[in-house]
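Single-letter residue listing:
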Amino acid sequence: MVKIPKVHPRRKSLISRKAIVDATKQGLLADSAMIAHGRGEAFDYLLGEKTSEIAKLSIKESAARLISAKHPVISVNGNTAVLAGKSLIRVAAVIQCPIEINIYYRTEKRMDLLHDYLESQKLEVSKEDNPINWHGDWESAVMAVKILGKEEDGKIEGLEGPRAICSAEGIERADVILVPLEDGDRCEVLVSLGKNVLVVDLNPLSRSAKMATVTIVDEVSRMAELLLQYVIENPSDNTEWNNDLALKESLEIISNYYVNQ
Ligand code: PTJ
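These notes cover the structure that comes with them.

## Concerning the site of the ligand
Alright, step 1. Lining the immediate surroundings of the ligand are 21 residues, of which Tyr104, Tyr105, Arg110, Asp201 and Glu219 lie closest.
Alright, step 2. In this structure, Tyr104 approaches the ligand through a main-chain N or O atom, which is 2.7 Å from an oxygen atom.
Alright, step 3. Within the side chain of Arg110, an N or O atom sits 2.7 Å from an oxygen atom of the ligand.
Alright, step 4. For the ligand, whose unbound accessible area comes to 740 Å², protein coverage reaches 90%.
Alright, step 5. Of all the secondary-structure elements, those providing two or more residues to the shell around the ligand are helix H2 (33–46) and helix H4 (78–95).
Alright, step 6. A total of four residues in the shell around the ligand trace back to one element, the largest contributor, which is H2.
Alright, step 7. Class assignment of the residues belonging to the shell around the ligand gives a composition of ten nonpolar, six polar and five charged.

Right, dumping it as structure tokens:
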């Protein structure tokens, strides 16, 4: 195994790549997961590989909407589980919402593998110390997080085929959904069903980014760590959120890449 030096300038990126490669070998990811990851890396490079001020605002807005939701849910696909699974379990523990495995390339085998993977991550997270500024019984809060998805007892009205399958207790009844790396069609339908759809996508031009209620243009693992901090801070939401304006700001950062160097 190649050891990545602590001072390597691309250390974080190399660690993420290795996680994606290892998870592919374990069968957790879709065949095209590496292509999606590579596309994300390219956008992240242009964003300076850091969370922009507008991304911070959109994460804060998402935190507020998740907290004030009646039935919030965090949707997790293969790439998200591998890159940000533990952080999102911590977020779910703080707001006490379920996590739903919601994959585009759906097979029973992948659903089972991802379920076991997230359950084992949950166990590890439950043994951690309380997150900073969070008070309570951490182990109980984490173990109360349900990992949904395998029940297949719900349907996303307006979609056909396997992409419509979901959990009745999760996405079907949710009023607010955090969906990292979502597909554009599904995002559009979820919005048309009146749900608040909070998308995480490094590409501000993707259909999901444009369709979402709030788009977080940031890398999913960076965003998840900040989201944890914000859900603990408990901010208030802004019903006037202008997502088009937020997307424009992210695009400006990308187009000013050379100027910002
Ligand atoms: O696990 P599954 O079956 O649900 O499949 C997951 C993938 C990601 C393979 C599937 O959803 C897919 O093909 O996605 P796309 O259509 O390639 O879109 C991926 C989007 O996510 C692109 O716009 C990327 O820029 C963005 N992206 C990739 N990696 C990251 C990311 N956004 C945030 N953080 C990342 N690490």
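Read on for the rest.
## Thoughts on the side chain of Ser87
Alright, step 1. Take Ser87: it is sitting in helix H4.
Alright, step 2. What Ser87 contacts, discounting residues up to four positions off in sequence, is Ala224 and Glu225.

## Things to note about the pattern of salt bridges
Alright, step 1. Counting across every chain of the model gives 18 salt bridges.
Alright, step 2. Ionic pairing is found between Arg17 and Glu41, a salt bridge with its closest N-O pair at 2.7 Å. Pair noted here: Arg17 is in helix H1 (residues 11–25) and Glu41 is in helix H2, with a separation of 24 residues, a long-range link.
Alright, step 3. For Asp112, the salt bridge is made with Lys150, and the minimal N-O distance between the two is 3.2 Å. Within this pair, whereas Asp112 is found in helix H5 (residues 108–126), its partner Lys150 is found in the loop between strand S3 (147–148) and strand S4 (154–155), the two being separated by 38 residues in sequence.
Alright, step 4. Residue class for Asp112 comes out partly exposed when judged on its relative accessible area of 30%.
Alright, step 5. On the basis of relative accessible area, Lys150 is assigned to the partly exposed category, the value being 39%.

## Side note on the nonpolar core
Alright, step 1. Residues Ile74, Leu88, Ile99, Leu178, Met223 and Leu227 are the most contacted members of the largest nonpolar core, which totals 54 residues.
Alright, step 2. Broken down by element, the residue count for this core peaks at eleven residues, all from H4.
Alright, step 3. Counting 15 residues, the second-largest nonpolar core is a separate cluster that includes Val179, Val189, Leu190 and Val199.

## Observations concerning the pairing of strand S6 (residues 176–180)
Alright, step 1. By the criterion of burial, S6 is predominantly enclosed, with five of the five residues buried.
Alright, step 2. With three bridges joining them, strand S1 (residues 72–76) and S6 adopt parallel strand pairing. Each bridged residue has a counterpart across the sheet, and for Pro72 the counterpart in S6 is Val176.
Alright, step 3. Pairing geometry for S6 and strand S7 (residues 196–200), over five bridges, is parallel. Residue Val176 lies in a different strand from S7, and its bridge partner there is Asn196.
Alright, step 4. Taken together, S6, helix H8 (residues 184–192) and S7 form a β-α-β motif whose crossover is right-handed.

## A word on the packing of H1 against H4
Alright, step 1. Between H1 and H4, whose axes approach to 10 Å, the crossing angle comes to 130 degrees. Taken together, the axes of H1 and H4 are oblique relative to one another. Here H1 and H4 pass one another in a crossing that is right-handed. Only Asn79, Val82 and Leu83 of H4 make contact with H1, whose side of the interface consists of Ser16, Ala19, Ile20 and Ala23.
Alright, step 2. When its residues are assigned to classes, the contact of H1 with H4 shows five nonpolar, two polar and no charged.

## Notes on unusual backbone geometry
Alright, step 1. The backbone of Asn133 shows a phi angle near 70 degrees, a positive value even though the residue is not glycine.
Alright, step 2. Tracing the backbone shows Asn133 in the loop between H5 and helix H6 (138–143).
Alright, step 3. By relative accessible area, Asn133 is classed as exposed at 61%.
Alright, step 4. A positive phi angle, near 50 degrees, is found at Leu181, a position not held by glycine.
Alright, step 5. Its place among the elements puts Leu181 in the loop between S6 and H8.

## Some words on a negative patch on the surface
Alright, step 1. On the surface, Glu151, Asp153, Glu157, Glu160 and Glu172 cluster together into a negatively charged patch.
Alright, step 2. Tracing the backbone through its elements, the reader meets Glu157 in the loop between S4 and strand S5 (165–166).

Definitions and cut-offs
- Residues numbered from 1 in each chain as written.
- Predicted model: local features only at pLDDT ≥ 70, side-chain atom pairs only at ≥ 80, totals over all residues.
- Heavy atoms only, no water.
- Near = heavy atom within 4 Å.
- Polar contact = N/O pair within 3.5 Å; in protein donor to acceptor, adjacent residues only side chain to side chain.
- Areas by Shrake-Rupley, 256 points an atom, 1.4 Å probe, with all protein chains shown as cover.
- Helix = DSSP H or I, 4+ residues; strand = E, 2+ residues; numbered from the N terminus.
- Nonpolar A, V, L, I, M, F, W, Y, C, P; charged D, E, K, R; others polar.
- Contact = heavy atoms within 4.5 Å.
- Salt bridge = Lys/Arg side-chain N within 4 Å of Asp/Glu carboxyl O.
- Buried < 20%, exposed > 50% of the residue type's maximum accessible area, 1.4 Å probe, protein only.
- Core = buried A, V, L, I, M, F, W, Y, C linked by side-chain atoms within 4.5 Å.
- Pairing = 2+ DSSP bridges.
- Right-handed = clockwise from strand over helix to strand, strands pointing away.
- Axes fitted to C-alpha atoms, helices over the stretch in contact; angles between N-to-C directions.
- Parallel < 35°, antiparallel > 145°, perpendicular 65-115°, else oblique.
- Left-handed = near helix turned anticlockwise from the far one by under 90°.
- Patch = residues over 30% accessible without salt bridge, like charges linked within 9 Å, V, L, I, M, F, W, Y side chains within 5 Å.
- Lys, Arg positive; Asp, Glu negative; His and termini not counted.
- Charge placed at Lys NZ, Arg CZ, Asp CG, Glu CD.

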